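# Architecture at a glance
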Amino acid sequence: MRYVIAQAIYWFAELLTFLMILRCIFSWIRPNPYGILGKINEFSIRLTEPLVAPCRQLLSRFNTGMFDFSVMLAFFLVQIAANLMIRIVL
């Protein structure tokens, strides 16, 4: 049972990581909002925004210029939290 929970945590963290990477890629190419890529972009933003928004608010205190590192910080926090939860479960 522990292995199943650990595997579920791992896959959920991987899904969030994939969506955040997808969000970064789409922020560079700006797909048509009415096309299929635009819908995928909107979906990835809706799922990752609850994680990215607090990171953006935290990083707004620092002057990073035109770069937004909030997605990268959220990425690292998801990985750290997943690893901690897996270690606790196992």
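As a reminder, the structure under discussion sits directly above these lines.
Residues numbered from 1 in each chain as written. Predicted model: local features only at pLDDT ≥ 70, side-chain atom pairs only at ≥ 80, totals over all residues. Heavy atoms only, no water.

Attention now moves to the environment of Arg2. Mapped onto the fold, Arg2 is located in helix H1 (residues 2–29). Between the alpha carbons of Arg2 and Ile88 there is a distance of 9.9 Å; along the sequence they are 86 residues apart. If sequence neighbours within four positions are ignored, Arg2 has contacts with Val89 and Leu90. (Helix = DSSP H or I, 4+ residues; strand = E, 2+ residues; numbered from the N terminus. Contact = heavy atoms within 4.5 Å.)

Okay, the packing of H1 against helix H2 (residues 36–59) next. Running from amino to carboxyl end, H1 crosses H2 at an angle of 110°, the nearest separation of the two axes being 8 Å. Taken together, the axes of H1 and H2 are roughly perpendicular relative to one another. Within the contact between the two elements, H1 uses Leu16, Leu19, Met20, Leu22, Arg23 and Phe26 and H2 uses Leu37, Ile40, Asn41, Phe43, Ser44, Ile45, Leu47, Thr48, Glu49, Leu51, Val52 and Arg56. (Axes fitted to C-alpha atoms, helices over the stretch in contact; angles between N-to-C directions. Parallel < 35°, antiparallel > 145°, perpendicular 65-115°, else oblique.)

Maximal helix bending in H2 amounts to about 60°, located at Glu49; proline Pro50 follows within four positions. The set of residues buried in H2 consists of Gly38, Asn41, Ser44, Thr48, Val52 and Cys55. The inward-facing, buried residues of H2 abut H1 and helix H3 (70–89). (Bend = angle between axes of the 7 residues up to and from the residue. Buried < 20%, exposed > 50% of the residue type's maximum accessible area, 1.4 Å probe, protein only.)

Let us look at the environment of Asn63. Along the chain, the position of Asn63 falls in the loop between H2 and H3. Separated by 53 residues in the primary sequence, Asn63 and Tyr10 have C-alpha atoms spaced 33 Å apart. There is a polar contact of 3.2 Å between the side chain of Asn63 and the backbone nitrogen of Gly65. (Polar contact = N/O pair within 3.5 Å; in protein donor to acceptor, adjacent residues only side chain to side chain.)

Here the largest pocket defines a volume of roughly 390 Å³. What lines the largest pocket is a set of 16 residues, among which Cys24, Ser27, Trp28, Asp68 and Val71 lie closest to the centre. Where the lining of the largest pocket is concerned, the elements lending two or more residues are H1, H2 and H3. A class-by-class count of the residues in the lining of the largest pocket yields 10 nonpolar, 2 polar and 4 charged. (1 Å grid on protein atoms, 1.4 Å probe; cavity = no way out; pocket = protein on both sides within 12 Å on 5 of 7 lines; lining within 4 Å. Points joined across faces, edges and corners; volume = space filled by probe spheres on them. Nonpolar A, V, L, I, M, F, W, Y, C, P; charged D, E, K, R; others polar.)

As a further point, take the packing of aromatic side chains. The description of an aromatic ring pair rests on the distance of the ring centres and on the angle between the ring planes. Scanning the model with the defined rule gives 3 aromatic pairs in all. Centroid distance Phe67 to Phe69: 6.2 Å. Interplanar angle 35°. Geometry classified as tilted. Seen in terms of ring centroids, Phe75 and Phe76 are 5.5 Å apart; in terms of plane orientation they differ by 65°. Their pairing is edge-to-face. Since its relative accessible area comes to 43%, Phe76 is described here as partly exposed. (Phe/Tyr/Trp six-rings, centres within 6.5 Å; stacked < 30°, edge-to-face > 60°.)

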